[in-house]
Amino acid sequence: MSASVDVGQLVEVVGDAIVVADPQNIITLWNSGAQKMFGFSAEEAVGQPLDIIIPDRLRARHNEGYAKTMETGQTKYGSDLLKVPAAHKDGRAMSIAFTVALLHGEGGEVTGIVAVIRDETARFQEDRQLRKRVTELEAKLAATAG
C-alpha cells in the first residue's frame, strides 16, 4: 500500500530552501525554508527577480547564464552541487550549496527552474579558519626548520 504525498506540504516542511523561478528569472515559489534562510517572506520574494539573493558583483554573470539556460533548455550543471556566494535580506554575505533542475511544460518547453538550497555559511567559515590555521602552522614549522 502506498501513501499519497501532498507535494505542497512536502515543499513547505523540508528544511532546505526550495525556490522556483520562471523563464524571465522571476521567483514563482519560495518555501518556508527559503524564508528562514534568506530573510524574505514569500510575499516579499514571489514576483521579484532572483537578484534579491545574488550579490551585486555576480548578478550580470548569473543573469547571462540564466538567460542562456532558458534559451537552450539545457543547464551545464546537471545534478552537480553548486557552491556560490549569496546575499541575505539584511545584506550579509552567505555561502550556499544547491542543485538545480529545469522544469518543462507538456510540450517540452522550459517553464522554469527549481533550486534546492542549503546554507553552508558556517561550514565555509570553519573551513576558512582551518585553512588559515594550517597556513600559520606551516609558516611556523618552516621558520623553525630553517
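What counts, and at which threshold
- By convention here, each chain's residues receive numbers from 1 onward along its written sequence.
- Note on the predicted model: pLDDT of at least 70 is required for a residue's local features to be given, and 80 or more for side-chain atom pairs to be given and counted; whole-chain, interface and lining totals, by contrast, use all residues.
- Neither water nor hydrogens contribute to the side-chain values; these are computed over all heavy atoms in the structure.
- In this description a helix means any DSSP run of H or I spanning at least four residues, a strand means any run of E spanning at least two, and both kinds are numbered starting from the N terminus.
- Between the first and last residue of a helix there are one fewer steps than residues, each counted as 1.5 Å, and that sum is the expected span.
- Type-normalised accessible area, obtained with a 1.4 Å probe on protein chains alone, sets the label of each residue: buried when under 20%, exposed when over 50%, and partly exposed for intermediate values.
- We call two residues in contact when some of their heavy atoms are within 4.5 Å.
- Here is the rule: rings of Phe, Tyr and Trp (six-membered ring for Trp) pair when centre to centre is within 6.5 Å. Planes less than 30 degrees apart are stacked, more than 60 are edge-to-face, and the remainder are tilted.
- Nonpolar side chains (Val, Leu, Ile, Met, Phe, Trp, Tyr) within 5 Å and like charges within 9 Å form the patches, drawn only from residues with over 30% relative accessible area and no salt bridge.
- Under the convention used here, a 1.4 Å probe and the Shrake-Rupley method define accessible areas, while residue burial counts only the protein chains that appear.
- The salt bridge criterion pairs a side-chain nitrogen of Lys or Arg with a carboxyl oxygen of Asp or Glu, the two atoms within 4 Å.
- In plain words, nonpolar cores are sets of buried Ala, Val, Leu, Ile, Met, Phe, Trp, Tyr and Cys residues tied together by side-chain atoms within 4.5 Å.

- Per an unreviewed UniProt entry, the protein is named Sensor protein fixL, and its organism is Pandoraea sputorum.

As for helix H4 (residues 56-72)
Part 1: Counted at 1.5 Å a residue, the expected span for H4 with its 17 residues is 24 Å, and the 25 Å between its end C-alpha atoms agrees.
Part 2: Taken residue by residue, H4 has Leu58, Tyr66, Thr69 and Met70 as its buried positions.
Part 3: Along its buried surface, H4 packs onto strand E1 (17-21), strand E3 (82-87), strand E4 (93-104) and strand E5 (110-119).
Part 4: Phi for glycine 73, located one or two positions after H4, is positive at around 75°.

Focus on the packing of aromatic side chains
Part 1: With the rule as written, the count across this model stands at two aromatic pairs.
Part 2: Each ring, one from tryptophan 30 and one from phenylalanine 38, has its centre 5.7 Å from the other, and the planes form 45°; the classification is tilted.
Part 3: With relative accessibility at 4%, the residue tryptophan 30 sits in the buried group.
Part 4: Owing to a relative accessible area of 0%, phenylalanine 38 belongs among the buried residues under this scheme.
Part 5: Both rings, one in tryptophan 30 and one in phenylalanine 40, keep their centres 6.4 Å apart while their planes meet at 80°; by these two values the pair is edge-to-face. Pair noted here: tryptophan 30 is in strand E2 (residues 27-30) and phenylalanine 40 is in the loop between helix H2 (32-38) and helix H3 (42-45), with a separation of 10 residues, a long-range link.

Overview of a nonpolar patch on the surface
Part 1: Where nonpolar side chains cluster on the molecular surface, the patch consists of Val5, Val7, Leu10 and Val13 and spans about 390 Å² of accessible area.
Part 2: The topology assignment puts leucine 10 in helix H1 (residues 7-13).

A closer look at unusual backbone geometry
Part 1: Backbone geometry places asparagine 25, a non-glycine residue, at a positive phi of 75°.
Part 2: You can see asparagine 25 is positioned in the loop between E1 and E2.

Description of the nonpolar core
Part 1: Membership of the largest hydrophobic core comes to 28 residues, with the highest contact counts inside it found for Trp30, Phe38, Ile96 and Ile117.
Part 2: If you list the elements that add at least two residues to this core, you get E1, E2, H2, H4, E3, E4 and E5.
Part 3: Tallying contributions element by element places E4 first for this core, with five residues.
Part 4: Other than its neighbours up to four places away in sequence, isoleucine 96 contacts Met37, Phe38, Leu82, Lys83, Val84, Ala86, Ile117, Arg118, Asp119 and Glu120.

Side note on the pattern of salt bridges
Pairing is possible between side chains of opposite charge, provided their charged atoms come close.
Part 1: Counted according to the given criterion, the structure contains six salt bridges.
Part 2: One salt bridge in this structure joins glutamate 44 and lysine 89, with 2.6 Å as the shortest N-O distance. On the criterion of sequence distance, the pair formed by glutamate 44 in helix H3 and lysine 89 in the loop between E3 and E4 is long-range, its members being 45 residues apart.
Part 3: Relative accessible area serves as the criterion here: at 41%, lysine 89 is assigned to the partly exposed category.

Focus: the environment of proline 55
Part 1: Relative to the assigned elements, proline 55 resides in the loop between H3 and H4.
Part 2: Relative accessible area serves as the criterion here: at 9%, proline 55 is assigned to the buried category.
Part 3: As for proline 55 and alanine 87, which are separated by 32 residues in sequence, their C-alpha atoms are 5.5 Å apart.
Part 4: Residue contacts for proline 55: discarding those within four places in its chain leaves Pro85, Ala86 and Ala87.

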